[in-house]
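What follows is each chain in one-letter form.
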Amino acid sequence: MYEPTLAVLEDIRRRGIEEIYSLGDNVGLGPNPVEVFDLLEEYGVKSIAGNAEYYNTLGTEPFPYLVDAKLDNQLWTFSKLGQMRVSKIKAYPASVDLVLGNRNFALCHFANDVRIDFDNHSTW
């Protein structure tokens, strides 16, 4: 969703925030996956892989929970992104560890999404 993403990033810029993290699903829904991807790159957002990113890099087969409408959407999104963007998405880490002051933080999308054996080892 390009317009809301742009509004949030502009607000962040106005506040002087210098480091931005996205916890994934950057390009999973909406009519502008290319524009959203490029916008996040332009603003220097550090992205973590969510399931939408894994659908683009691993394909949809490891995710049997996807319904037909989501599969169609994913195929369309993948066709729009192009190989260069998909290659960049492949470099997204599954998690990031941060130290802020004397506190440790771990950023991730959702633990089950980083497992290819989701069906056999789901906490659901």
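See the structure shown above.
Definitions and cut-offs
Residues numbered from 1 in each chain as written. Predicted model: local features only at pLDDT ≥ 70, side-chain atom pairs only at ≥ 80, totals over all residues. Heavy atoms only, no water. Core = buried A, V, L, I, M, F, W, Y, C linked by side-chain atoms within 4.5 Å. Buried < 20%, exposed > 50% of the residue type's maximum accessible area, 1.4 Å probe, protein only. Helix = DSSP H or I, 4+ residues; strand = E, 2+ residues; numbered from the N terminus. Contact = heavy atoms within 4.5 Å. Axes fitted to C-alpha atoms, helices over the stretch in contact; angles between N-to-C directions. Parallel < 35°, antiparallel > 145°, perpendicular 65-115°, else oblique. Left-handed = near helix turned anticlockwise from the far one by under 90°. Nonpolar A, V, L, I, M, F, W, Y, C, P; charged D, E, K, R; others polar. Pairing = 2+ DSSP bridges. Expected span 1.5 Å × (residues − 1). Bend = angle between axes of the 7 residues up to and from the residue. Polar contact = N/O pair within 3.5 Å; in protein donor to acceptor, adjacent residues only side chain to side chain.

Asks: Looking at this structure, I do not really get the nonpolar core. What am I missing?
Replies: Side chains of a nonpolar character, in soluble globular proteins, are inclined to be buried together. If you look at the biggest cluster of nonpolar residues, it comprises eleven residues: Val27, Phe37, Ala49, Tyr54, Tyr55, Phe63, Leu66, Leu81, Val86, Ile89 and Tyr92. Elements with a minimum of two residues in this core: helix H3 (51-58) and helix H4 (68-90). Element by element, the count of residues in this core is highest for H4, at three residues. Once residues within four sequence positions are removed from consideration, Ile89 is found in contact with Val27, Phe37, Glu53, Thr57 and Leu81. One finds Ile12, Val36, Tyr43 and Val45 within the second-largest nonpolar core, a separate group that totals eight residues.

Asks: Just checking my understanding: could you explain the packing of helix H1 (residues 2-14) against helix H2 (residues 33-42) for this structure?
Replies: In a packed pair of helices, the relevant descriptors are the angle between the two axes and the axis-to-axis distance. Two numbers describe how H1 lies on H2: the axes approach to 9 Å, and their chain directions differ by 10°. Between H1 and H2, the crossing angle belongs to the class labelled roughly parallel. As for the relative orientation of H1 and H2, their crossing is left-handed in sense. Residue-level contacts link Tyr2, Thr5, Leu6 and Leu9 of H1 to Glu35, Val36, Leu39 and Leu40 of H2. Classifying every residue of the contact of H1 with H2 by side-chain character gives six nonpolar, one polar and one charged.

Asks: Mind showing me how you'd approach the pairing of strand E4 (residues 103-108) here?
Replies: The two faces of the sheet receive side chains in turn, since in a regular strand these alternate between them. In this structure, strand E3 (residues 95-100) lies alongside E4, joined through six bridges in antiparallel fashion. Pairing of Val96 across the sheet is with Leu107, part of E4. Between the antiparallel neighbours E3 and E4 lie two residues, among them Gly101 with a positive phi of about 65°.

Asks: Got a minute to help me understand H4 in this structure?
Replies: An α-helix turns once every 3.6 residues. As a result, residues three or four positions apart point the same way. In this model, H4 (23 residues) spans only 24 Å end to end at C-alpha, well below the 33 Å of a helix rising 1.5 Å per residue. Helix geometry: H4 is bent most strongly at Gly82, by close to 100°. Burial in H4 covers these residues: Lys70, Asn73, Gln74, Thr77, Leu81, Arg85, Val86 and Ile89. The inward-facing, buried residues of H4 contact H2 and H3.

Asks: Teacher, can you tell me more about the side chain of Asn26 here?
Replies: Position of Asn26 among the secondary structure elements: in the loop between strand E1 (21-22) and H2. Of note is the side chain of Asn26, whose polar atom sits 3.0 Å from the side chain of Ser47. Filtering out sequence-adjacent residues up to four positions away, Asn26 remains in contact with Val36, Leu40, Ser47, Glu53 and Tyr92.

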